[in-house]
Amino acid sequence: MRACDGDTEEWERRWHALAGELAARSAPELAPPDDSPPPYVGLAAFQPEDAERYFGRETLTQQLLDKVADRRFLGVFGASGVGKSSLLRAGLIAQLRRGAADRPIIVITPGPHPIEECAVQLAGLTGESAAALRAELRADAANLHLRVRQALADRDDTDLLLVIDQFEEIFTLCRDAEERELFINALIIATHAPTSRCRVVIGVRTDFYTQCAHYAELAGALQDGQVLVGPMTTDQLRRAITQPAVRLGHTVETPLLVTLVADAAGEAGVLPLLSHALLATWRRRRGNTLTLAGYQAAGGIQHALAHTAETAYRALADDEQAVAKGLLARLVALADDPDDGEDTRRRITRDELPADPRIGIVLERFATARLITLDGDSVQITHEALIRCWSRLRDWLTTDRANLCLHRHLTEAADDWEALGRDPGELYRGTRLERARQLAVREPTALSPREQAFVNAGIAAEAAHRADARRHTRRQRLLLATVALLMATGTAVAIAYATEQGSGNTPCWTSFDPLNPEGAPMEQYYRNCEKLERRVAAEDEEDKYRHRTVWDLQPDQVAHWHWNRTTKGHHYTTVYVTTGGSGH
């Protein structure tokens, strides 16, 4: 289509519709259900208990065992879909337990709170409270080393193996830089202390190699301790395809084997797609034989996963499809820059899901198709290949990215608010609150109870703030009105009083006097002056002024006082007298 300048998006939409029709038509081709276990795990990673059907990585597993025996810190790097998790679990861990079943091994995925995840798994080893261990690990990075030593104090023959799968989650999901650094330092101390009893193996996607290099201690630990996992060779692919089937009494048709090897050879990240296509082909087997026709009906390596996802999606009712869209979007950690990074899967707990009964139906449908993994209280996409290969999901993530980012920030803010005891200081305000409110209005069923409570609390706080502002404004207006009224009343009284005084009835003071601050009539002033000298004098060294007593003031005369200086032990008060408003 691109070569002919065709509309690829239009044809992709048509392909979605056709895939749904083909899925419905191909359903009768499925083999009758029985209780026989499948030889392939599909999108999911192989677990230690799947070691009997894990083939093709025997040589690499032995290299990993040798490295772990030689070094205390080891990094296993590889592209997404190359099989790192399966190598660590069904390869390394399974082989170690085969040699020593009681060897202490802890496997964690960091998630958004790596210290907490480490504490929970360590509690299973020590038998102590996970909350207490989390507090200890947060208090001091060296406490992991001490706790491991304490747990193995009575066992001198072995070390703890701490396997951290999907180590890149400390960059994609952990938003607390301080916790991330503390976790890294704890691992370094636990493996590099002179009395170390711990060995650490981390599985990391190669596109996060640079982020690892940002931490000097981590970069130093990985300097000579790395294993790079590449694509399988042709011989390894043949073993991975045929041996699981042979072990359970099945056969793989030769044309199918040739096609599978040709489709998968040299392709990075193809293993989960291959395993999923093989599982879909096994479900369409003829007797005990996996056929090329069954493989083609499943959609092949390139389309089997999208075919399965589209089938599961189209089996839902219209309203359930809308719920599925929101659910799957929640399970994706969006790259900060989609042009420079890949979206990754995101593990969540059920309390982050909306309180919608249709959620259970969608989860069950996608879990049955092995597209979503349910593990206790956690939910996650089984493999990131689903994000890459299902065009419908990619379209959702591309076209609605702004709203998805807004929703993700809302989720994180609500989590922080809850973690801090619903601190009002964590609530949204202003523009952020308005955008969150609009999101809640547009998609009322998309928000989880915690997110809805967070938005509602923000709206209530904003309303209370506005009510307080209105009350303050009313008080200010009332105060101003009162002051204006008092000023008007005072002015009117002053004018009336001045008019009365202008008639010559009673003298008054027209300037401030410390002995008469209220500006009272002269009779009041006389009483205030009873203890003062009866004469007021003003003199200096060169001149003398004539004296006049305050008692001699006439009713039409006004005294202006200046009470402001002391010289040579004498208090001077200058009095200016005007008569009848003449100014003299």
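Residues numbered from 1 in each chain as written. Predicted model: local features only at pLDDT ≥ 70, side-chain atom pairs only at ≥ 80, totals over all residues. Heavy atoms only, no water.

A. Representation of the side chain of Thr-411 within the structure. Tracing the backbone shows Thr-411 in helix H20 (residues 401-419). When its relative accessible area of 1% is taken as the criterion, Thr-411 is described as buried. Residues within four places of Thr-411 in sequence aside, it is in contact with Arg-330, Arg-346, Glu-352 and Glu-451. (Helix = DSSP H or I, 4+ residues; strand = E, 2+ residues; numbered from the N terminus. Buried < 20%, exposed > 50% of the residue type's maximum accessible area, 1.4 Å probe, protein only. Contact = heavy atoms within 4.5 Å.)

B. Spatial organisation of helix H11 (residues 234-247). Along its 14 residues, H11 runs 20 Å from first to last C-alpha, staying within 8% of the 20 Å computed at 1.5 Å per residue. Looking at H11, one finds that the buried residues are Leu-237, Ala-240, Ile-241, Thr-242, Pro-244 and Ala-245. Packed against the buried residues of H11 are strand E6 (251-252), helix H12 (254-264) and helix H13 (271-283). Trailing H11 by a residue or two, Gly-249 shows a phi angle of about 85 degrees, which is positive. (Expected span 1.5 Å × (residues − 1).)

C. Representation of a negative patch on the surface in the model. A contiguous patch of negative charge on the surface is contributed by Asp-176, Glu-178, Glu-181 and Glu-217. As for its placement among the helices and strands, Glu-178 is situated in helix H8 (residues 177-192). Residue Glu-178 is classed as exposed on the basis of its relative accessible area of 64%. (Patch = residues over 30% accessible without salt bridge, like charges linked within 9 Å, V, L, I, M, F, W, Y side chains within 5 Å. Areas by Shrake-Rupley, 256 points an atom, 1.4 Å probe, with all protein chains shown as cover. Salt bridge = Lys/Arg side-chain N within 4 Å of Asp/Glu carboxyl O. Lys, Arg positive; Asp, Glu negative; His and termini not counted. Charge placed at Lys NZ, Arg CZ, Asp CG, Glu CD.)

D. Local environment of the pairing of strand E1 (residues 73-78). The buried count for E1 comes to six of six residues, which makes it a mostly enclosed element. Neither face of E1 is exposed, since Phe-73, Gly-75 and Phe-77 on one face and Leu-74, Val-76 and Gly-78 on the opposite face are all buried. Sheet analysis places E1 next to strand E4 (residues 198-205), joined by six bridges and oriented parallel. Bridged to Gly-78 within E4 is Arg-205. (Pairing = 2+ DSSP bridges.)

E. Spotlight on unusual backbone geometry. One non-glycine residue, Gln-166, lies in positive phi territory at about 55 degrees. Looking at Gln-166, the relative accessible area reads 11%, which means it is buried. Non-glycine residue Arg-370 carries a positive phi angle of around 60 degrees. With respect to the helices and strands, the residue Arg-370 is situated in the loop between helix H17 (358-368) and strand E11 (372-375). Relative accessible area serves as the criterion here: at 31%, Arg-370 is assigned to the partly exposed category.

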